[in-house]
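Structure at a glance
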Amino acid sequence: MDLKVTTLEGKDAGKVSLSDTIFGLEPREDIIARVVRWQLAKKQQGTHKSKGRAEIARTGGKMYKQKGTGRARHHSARAPQFRGGGKAHGPVVRSHAHDLPKQVRALGLRHALSAKLKASNLIIIDDLVAAEAKTKALAGVFATLGLTNALIIGGAELDGNFKLAARNIPNVDVLPIQGINVYDILRRGTLVLSKAAVEALEERFK
């Protein structure tokens, strides 16, 4: 399928042919959800921790004698049922990451790209280059293009001025093609690809 290419100034820059195997799939929410869950689980720090009874700084001696008090039989005051005691089965430091087949991850990215095109939220820009590193100027360009919440994907190397000018604009993320991922595609309203990014995707999935 062919899609119109524009410049940053909003002028027509011809058309680009998009592969149906990347941008023409019928989006499957289950596959996309699996990839997003895998990404978010991998990002979790897993540093939550509570002290067990073996880690409590408290005497381990028997609280009172076994018989004759009329009370229950207890030993250490570190036990979970006592105030100040250890936590039973509490959270421990661990990794939340889990495996996901490489083919599923690749398929999830293709479905996310297809979903953006199907929703008419995909824009192809001829080249992502800024004459100067001025946030105000680039924000005006984005306003002309109607980009208020967008993920912008460039080629393998991003233009330095463009990257500096865009990094302080709210709700706009700029990534090289190596950093494209399903979660960032979905969390922003519009996906903007440079022609170099499209070529890199075609090469990656051919």
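Located above this text is the structure these notes cover.
One numbering rule holds for all chains: residues counted from 1, following each sequence as written. Totals for whole chains, interfaces and linings use every residue, but because this is a predicted model, local features are given only for residues with pLDDT of at least 70 and side-chain atom pairs only at 80 or more, for both listing and counting. Hydrogens and waters are ignored; side-chain quantities use all the structure's heavy atoms.

With that out of the way, let us pick up the overall build of the protein. Of the regular secondary structure elements, the protein holds 7 helices and 6 strands. When the helices and strands of the protein are placed in sequence order, the string is β-β-α-α-α-β-α-β-α-β-α-β-α. We compute the radius of gyration over the C-alpha atoms and compare it with the globule rule, which gives 2.2 Å times the number of residues raised to the power 0.38. Relative to a compact globule of 206 residues, whose C-alpha radius of gyration would be 17 Å, the protein shows 27 Å and is clearly more extended. Principal axes of the C-alpha set define a box for the protein whose edges measure 95 × 40 × 25 Å. Each helix is a run of H or I in the DSSP string that is no shorter than four residues. Each strand is a run of E no shorter than two, and both are numbered from the N terminus.

Let us look at the environment of I124. Of note, I124 is situated in strand β3 (residues 122-125). On the basis of relative accessible area, I124 is assigned to the buried category, the value being 1%. Considered as a pair, I124 and G86 are 38 residues apart in the sequence and their alpha carbons are 58 Å apart. For this analysis, residues touch if any pair of their heavy atoms sits within 4.5 Å. Sequence-distant contacts of I124, that is, excluding residues within four places in its chain, are made with L3, K4, V5, T6, V16, L193, K195 and V198. To sort residues, take the accessible area from a 1.4 Å probe on protein chains only and compare it with the maximum for the residue type: under 20% means buried, over 50% means exposed, and anything in between is partly exposed.

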